[in-house]
Structure formats: structure tokens, C-alpha cells
Amino acid sequence: MPSLFRRKSTDLVDEAVSSVTPEETAERPRGYTPAKGRETPKRPTAGRRPAGPTRPLTKEEERERRRQLRAEAASEFRREGGPRDRGPERLLARNVVDSRRTVGTWFFGGALIVLVGSNAAMPPLVRLVSNVLWGALALGVVVDSVLICRKISKLVRERFPKTDQRMGSLFLYAVMRSITFRRMRAPAPQVKLGDKV
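So, here's what we can say about the structure. (Residues numbered from 1 in each chain as written. Predicted model: local features only at pLDDT ≥ 70, side-chain atom pairs only at ≥ 80, totals over all residues. Heavy atoms only, no water.)

1. Quick word on the overall build of the protein
In terms of regular secondary structure, the protein is built from seven helices and zero strands. Its helices and strands in sequence order give the protein the pattern α-α-α-α-α-α-α, from N to C terminus. Of all 197 residues assigned to the protein, the portion counted as buried reaches 22%. Restricting to contacts in the protein with at least 6 residues of sequence separation, those with at least 24 account for 72%. (Helix = DSSP H or I, 4+ residues; strand = E, 2+ residues; numbered from the N terminus. Buried < 20%, exposed > 50% of the residue type's maximum accessible area, 1.4 Å probe, protein only. Contact = heavy atoms within 4.5 Å.)

Shown next, in the form of C-alpha cells:
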């Protein structure tokens, strides 16, 4: 077994050291490195971070940048929704709700009228009308929600017979969307009122 700490022979040392003439050193630039027999590979640019700004941003610029990022995130959420909005069954439920007029969209406006009308300072007739309106709105939302859930259940069984989506979760998703104003729904409606789903 050869010794690990054996000194190199003088002929190997002579081969490694080459004589350099003063003319060669004068021609070479200061940072010159002798070639190793192969070209140095280029670094890939795909994984590199883009170069940052050359100067730090001012407070106003940083505030404007944050506002712009928030606006972009909000518009993306309005367009595509979040994780709970993904899946073909959810899209079908959204389309069913968006293709019809729902009582739920009038629920919050009616609740505001009921709140004002049921004040003790109001005449008894106004309080009675507001209570009747409240009951009618609540009954309308329940009936409308049942109809929406039945339609979604039928369409999901027809189009996605092997779905693993929990129907109770899907129904709640559709009912919550049905009581939201159409302009405030996210993702934005993709079908018009009265369209066939």
C-alpha cells in the first residue's frame, strides 16, 4: 500500500512548474488565469433573481408599490377566486346561482328596512309591516335555497357521478353566494341572468 504522505518525485514537480518568460507576463492582463484545458461553463440565468432596484425606494414609492400589489391581488381574486372556489362542482354551483334572480340578494336590503321599521318610535302599523316583510324575506330565502340546492344536486349527479365533493359543503357555498349582491360576488359571475346552465 503506497504511503499517503510520500513526497512527489522531482520529475512531477518539474512538469508542473513551467518557465515563464518576462515577455509573456508583460503581455497578459493583471487578472489573467491560465487555461485549464476546458471552457468554464456559464451559469444558468433561469433560477437567478432579477436585479433589484439600483436605489432604495422612498416612502411614497414604497406605499404606491404596496397599493398596486394589493390592487392586483384583489383583481386576481375577483377574477379567479380563492382555493375554496376551485373545482368543476363549485363552478357549476356558481353558474346555477348566477343564472337566476335570488331572493337572497334582497335579504340584506330588506333587513335594513326591517331594522328601521321595527323601532319603538315607529307607529304600530309600520312595525307590523316590517315584521311581515321580515317573515316573508326569511321564508323566501329558505324556499329559494331549497330550490337552488335541489337543482345543484340534480346537475352534479348527472355531470359528475363520481364526485368526491361533499354535497352539504356545496349547498352552503351556493346559498352563501345566493345572498351576496351580484356585483360583489367573487369570482365574478360568468353567466348572465336567465342563461341555461
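2. Considerations on the nonpolar core
Ranked by size, the top nonpolar core spans 11 residues in total: Leu-92, Ala-93, Val-96, Val-97, Ile-148, Ile-152, Leu-155, Val-156, Leu-170, Tyr-173 and Ala-174. Those elements giving two or more residues to this core turn out to be helix 4 (88-98), helix 6 (124-159) and helix 7 (167-178). Setting aside anything within four residues of it in sequence, one finds Leu-170 in contact with Glu-89, Arg-90, Ala-93, Ile-152, Val-156 and Gln-165. (Core = buried A, V, L, I, M, F, W, Y, C linked by side-chain atoms within 4.5 Å.)

3. Comments concerning the environment of Val-146
With respect to the helices and strands, the residue Val-146 is situated in helix 6. Once the C-alpha coordinates of Val-146 and Phe-171 are considered, the two residues, 25 residues apart in sequence, prove to be 9.1 Å apart.

4. Some points on the packing of aromatic side chains
Both the distance between ring centres and the angle between the ring planes are used here to describe each pair of aromatic rings. Applying the stated criterion across every chain yields a total of two aromatic pairs. Residues Phe-107 and Phe-108 carry aromatic rings whose centres are separated by 5.7 Å and whose planes lie at 75° to one another, so their mutual orientation is edge-to-face. Residue classification places Phe-108 among the partly exposed positions, given a relative accessible area of 44%. Summarising the aromatic geometry, the rings of Phe-107 and Trp-134 are spaced 5.5 Å apart at their centres and angled 40° between planes, so their arrangement reads as tilted. Here Phe-107, found in helix 5 (residues 107-117), pairs with Trp-134, found in helix 6; they are 27 residues apart in sequence, far enough to count as distant. The ring of Tyr-173 is capped by Arg-90, whose NZ or CZ atom sits 4.6 Å from the centre of that ring. (Phe/Tyr/Trp six-rings, centres within 6.5 Å; stacked < 30°, edge-to-face > 60°. Lys NZ or Arg CZ within 6 Å of the ring centre and 35° of its normal.)

5. A word on the pattern of salt bridges
Within the structure shown, the criterion is met by six salt bridges. When the shortest N-O distance is used, the salt bridge between Arg-177 and Asp-98 registers 2.8 Å. Of this pair, Arg-177 sits in helix 7 while Asp-98 sits in helix 4, placing them 79 residues apart in sequence. Take Arg-177: its relative accessible area is 6%, and that puts it in the buried class. Accessibility expressed as a relative area gives 1% for Asp-98, which makes it buried. (Salt bridge = Lys/Arg side-chain N within 4 Å of Asp/Glu carboxyl O.)

6. A word on the packing of helix 4 against helix 6
Put simply, helix 4 and helix 6 touch, their axes get as near as 10 Å, and they point 140° apart. The pairing of helix 4 with helix 6 is recorded here as oblique in orientation. Considering only the axes of helix 4 and helix 6, their crossing is right-handed. Every residue of helix 6 that contacts helix 4 at Leu-92, Ala-93, Val-96 and Val-97 is listed here: Ile-148, Lys-151, Ile-152, Leu-155, Val-156 and Arg-159. When the residues that make up the contact of helix 4 with helix 6 are grouped by side-chain class, the tally is eight nonpolar, no polar and two charged. (Axes fitted to C-alpha atoms, helices over the stretch in contact; angles between N-to-C directions. Parallel < 35°, antiparallel > 145°, perpendicular 65-115°, else oblique. Left-handed = near helix turned anticlockwise from the far one by under 90°. Nonpolar A, V, L, I, M, F, W, Y, C, P; charged D, E, K, R; others polar.)

7. Thoughts on helix 6
Taking 1.5 Å of rise per residue, 36 residues should cover 52 Å, and helix 6 covers 52 Å from first to last C-alpha, within 8% of that figure. For helix 6, the set of buried residues is Ser-130, Leu-137, Gly-140, Val-141, Asp-144, Ser-145, Ile-148, Cys-149, Ile-152, Ser-153, Leu-155 and Val-156. Residues of helix 6 that are buried make contact with helix 4, helix 5 and helix 7. (Expected span 1.5 Å × (residues − 1).)

8. Things to note about helix 7
If you check helix 7, its first and last C-alpha atoms are 16 Å apart, about what 12 residues at 1.5 Å a residue would give, namely 16 Å. Every buried residue belonging to helix 7 is among Leu-170, Tyr-173, Ala-174, Val-175, Arg-177 and Ser-178, and all of these are buried.

9. Side note on the layout of surface pockets
Counted as a void, the largest pocket has a volume near 190 Å³. In this structure, the largest pocket is lined by Asp-98, Arg-100, Arg-101, Thr-102, Thr-105, Trp-106, Phe-181, Arg-182, Arg-185 and Leu-193. For the lining of the largest pocket, the per-class residue count stands at three nonpolar, two polar and five charged. (1 Å grid on protein atoms, 1.4 Å probe; cavity = no way out; pocket = protein on both sides within 12 Å on 5 of 7 lines; lining within 4 Å. Points joined across faces, edges and corners; volume = space filled by probe spheres on them.)

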